Amino acid sequence: MISREYLVGLLALMFSVSMMFSADLPDGVKVGDKAPDFFLTNVDGQSVGLETFKSTKGVILVFTCNHCPYAIKYQDRIIALHEKYAAKGVPVLAINPNDPNVSPEDSYEKMKVRAEEKGFKFPYIFDETQKTALSYGARRTPHVFLLKKAKTGFTVEYIGAIDDNANDAAGGEETFLSNAVDKMLEGQPIAVTTTKAIGCSIKWKKD
Amino acid sequence: MSSDTIYVVNFWATWCKPCIEELPSFDALEKSTRNQPVKIIMVSLDDPKVLQTKVQPFVKKLGYSMEFVLLNESKPNEWINRIDSTWSGAIPATLLFDGRLGRKEFHENDFTKDDLQKTVSNFRMLNND
């Protein structure tokens, strides 16, 4: 293991023209776009979509899953977000986009077990076709899209991380998502509308 | 850091299953490019708290020859974009970097042995134009 200084020096050299090579995934939505609609099966067997939330002020849509250690680190924070914001009109909607053939821990049956164990008070829906993850441009778990109720449907207000502190590490903590929800509820502009965090790649179906 | 060297920088973690599965691809690349100006650096994104208890024993057990480091940075929203603006933050991910031309390629996917060999050799050929 070598020092952080060495690595920072190395990373500093990595500027310049970049070419992206990923599995040709669509870009998905941007902040300000209309939120793509969907209807997917919840762990209780009911079908849940954005229509289900038409009497709310917004929705915290979180692409997450059972298996990912980063998603697990954030599980209790997602529960706390729902506790804090559902009463204010912005509930959590959790959605698992992983292919259980690639990641067996993320099967619909195991989603039910997780929701029961953790006592999820929000829907945990299964994006079996992965079309919803593709339409939003979700790439990792957890990956958050904050949606605001519009005249018709919802608009995307914020895309990215829950906070900047997955490990509860020492150092400053920036609660990006809470800040965004607070501003949205106040009717104020959101200062930081897109953020990034480390996470597990979404387990796409193999062709 | 040598300017005529191609750097292959892989971002992984002990908790990341597809990352662990593709480690042999990087070992094979290291073996096949040993006497060439190719430098492979494996950057662990594990929690620094588990460096000694988890990461070091894991790396030691692998017995690979390439360099392993741990990124001890607490602000992912800042450093992810510094590595590549197209990176979502999902791992595994791999950066190819040419110090001489300041050219880079970023790959947000995992690699089979063959794909990695091909990708790196294409990148090197482009740099010799």
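## Section: the overall build of chain B
Alright, step 1. Per the secondary structure count, chain B includes four helices and six strands.
Alright, step 2. Here chain B holds 129 residues, and 56% of them are scored as buried.
Alright, step 3. Within chain B, contacts between residues at least 6 apart in sequence are counted, and of these 66% link residues at least 24 apart.
Alright, step 4. Roughly 5,700 Å² of accessible area belongs to chain B as shown, and the carbon and sulfur atoms make up 49% of that amount.

## With respect to the sheet that holds strand β4 (residues 58–63) of chain A
Residues and elements named next belong to chain A.
Alright, step 1. As summarised here, the arrangement of the seven strands in space is β3-β2-β6-β5-β4-β8-β9, forming an open sheet in which the pairing is mixed. Two strands bound the open sheet, and with one partner strand each, they are β3 (47–49) and β9 (154–160). Taken pair by pair, the neighbouring strands of this sheet meet at an average axis angle of 35°, ignoring direction.
Alright, step 2. In terms of strand pairing, strand β5 (residues 92–96) meets strand β6 (residues 124–126) through three bridges, oriented parallel. Looking at the pairing, I95 lines up with I125 of β6.

## Observations regarding the layout of surface pockets
Alright, step 1. Computed from the structure, the largest pocket encloses a volume of approximately 800 Å³.
Alright, step 2. Forming the boundary of the largest pocket are 26 residues, of which I202, K203, W204 and K206 of chain A together with D110 of chain B lie nearest the centre.
Alright, step 3. By residue number, the principal contributor to the lining of the largest pocket is helix α1 (residues 17–32) of chain B, which donates three residues.
Alright, step 4. Of the residues in the lining of the largest pocket, the class split is nine nonpolar, seven polar and 10 charged.
Alright, step 5. Counted as a void, the second largest pocket has a volume near 420 Å³.
Alright, step 6. What lines the second largest pocket is a set of 20 residues, and nearest its centre among them are D27, G137, H143, I159 and K196 of chain A.
Alright, step 7. Those elements that place two or more of their residues in the lining of the second largest pocket are β8 (143–149) and β9 of chain A.
Alright, step 8. Across the lining of the second largest pocket, the residue classes tally to six nonpolar, nine polar and five charged.

## Quick look at the side chain of D163 of chain A
Residues and elements named next belong to chain A.
Alright, step 1. One can find D163 in the loop between β9 and α5 (176–186).
Alright, step 2. The exposure class assigned to D163 is buried, which follows from its relative accessible area of 3%.
Alright, step 3. Side chain to side chain, D163 and Y74 meet in a polar contact 2.7 Å long.
Alright, step 4. Setting aside its immediate chain neighbours within four residues, D163 contacts Y74, R77, E173, E174, T175 and F176.

## Some words on unusual backbone geometry
Alright, step 1. With omega at -10°, the peptide bond leading from T141 of chain A into P142 of chain A counts as cis.
Alright, step 2. Of note, P142 of chain A is situated in the loop between β7 (140–141) and β8.
Alright, step 3. In this structure, the amide linkage connecting I91 of chain B to the following residue, P92 of chain B, adopts the cis form with an omega of 10°.
Alright, step 4. If you trace the backbone, P92 of chain B turns up in the loop between β4 (90–91) and β5 (93–98).

## What about the pairing of β5 of chain A?
Residues and elements named next belong to chain A.
Alright, step 1. Of all five residues in β5, five are buried; the element is thus mostly enclosed.
Alright, step 2. A two-sided burial pattern is seen for β5, the buried positions comprising V92, A94 and N96 on one face and L93 and I95 on the other.
Alright, step 3. Direction of pairing for β4 relative to β5: parallel, over a ladder of four bridges. When the bridges of β5 are listed, V62 appears paired with A94.
Alright, step 4. Since β4 and β5 lie parallel, the crossover through helix α2 (residues 69–85) that links them has a hand, and here it is right-handed.
Alright, step 5. Taken together, β5, helix α3 (residues 108–118) and β6 constitute a β-α-β crossover, and its handedness is right-handed.

## Describing the side chain of T119 of chain B
Alright, step 1. Tracing the sequence through the fold places T119 of chain B in helix α4 (residues 113–127).
Alright, step 2. Residue contacts for T119 of chain B: discarding those within four places in its chain leaves L96, E105, H107 and F111 of chain B.

## Some words on the nonpolar core
Most often, soluble globular proteins have nonpolar side chains that are buried together.
Alright, step 1. Grouped together as the largest cluster of nonpolar side chains are 77 residues, with contacts concentrated most on I60, L146 and L177 of chain A together with F11, L45, W87 and I91 of chain B.
Alright, step 2. Core analysis: the next-biggest nonpolar cluster, separate from the first, contains 23 residues, A35, V48, A138 and F145 of chain A among them.

## Focus on α1 of chain B
One turn of an α-helix holds 3.6 residues; hence residues three or four places apart share an orientation.
Alright, step 1. At L23 of chain B, α1 of chain B shows its strongest bend, of approximately 30°, with the proline P24 of chain B following within four residues.
Alright, step 2. For α1 of chain B, the full list of buried residues reads P18, C19, E22, L23, S25, F26, D27, L29 and E30 of chain B.

## As for the pattern of salt bridges
Alright, step 1. All chains considered together, the criterion is met by 15 salt bridges over all chains.
Alright, step 2. Across the pair K112 of chain A and E109 of chain A runs a salt bridge whose closest N-O atoms are separated by 3.5 Å. Remark: E109 of chain A and K112 of chain A occur in helix α3; sequence separation between them is three residues, near one turn of the helix.
Alright, step 3. Of the residues examined, K112 of chain A reaches a relative accessible area of 31% and is grouped as partly exposed.
Alright, step 4. The shortest N-O distance in the salt bridge between K39 of chain B and E67 of chain B comes to 2.5 Å. One end of the pair, K39 of chain B, is in strand β2 (residues 38–44); the other, E67 of chain B, is in strand β3 (residues 67–70), with 28 residues separating them in the sequence.
Alright, step 5. The partly exposed category is assigned to K39 of chain B, whose relative accessible area is 29%.

What counts, and at which threshold
- Residues numbered from 1 in each chain as written.
- Chains lettered and ligands numbered in written order.
- Predicted model: local features only at pLDDT ≥ 70, side-chain atom pairs only at ≥ 80, totals over all residues.
- Heavy atoms only, no water.
- Helix = DSSP H or I, 4+ residues; strand = E, 2+ residues; numbered from the N terminus.
- Buried < 20%, exposed > 50% of the residue type's maximum accessible area, 1.4 Å probe, protein only.
- Contact = heavy atoms within 4.5 Å.
- Areas by Shrake-Rupley, 256 points an atom, 1.4 Å probe, with all protein chains shown as cover.
- Pairing = 2+ DSSP bridges.
- Axes fitted to C-alpha atoms, helices over the stretch in contact; angles between N-to-C directions.
- 1 Å grid on protein atoms, 1.4 Å probe; cavity = no way out; pocket = protein on both sides within 12 Å on 5 of 7 lines; lining within 4 Å.
- Points joined across faces, edges and corners; volume = space filled by probe spheres on them.
- Nonpolar A, V, L, I, M, F, W, Y, C, P; charged D, E, K, R; others polar.
- Polar contact = N/O pair within 3.5 Å; in protein donor to acceptor, adjacent residues only side chain to side chain.
- Right-handed = clockwise from strand over helix to strand, strands pointing away.
- Core = buried A, V, L, I, M, F, W, Y, C linked by side-chain atoms within 4.5 Å.
- Bend = angle between axes of the 7 residues up to and from the residue.
- Salt bridge = Lys/Arg side-chain N within 4 Å of Asp/Glu carboxyl O.

This is a description of form; function is not addressed.
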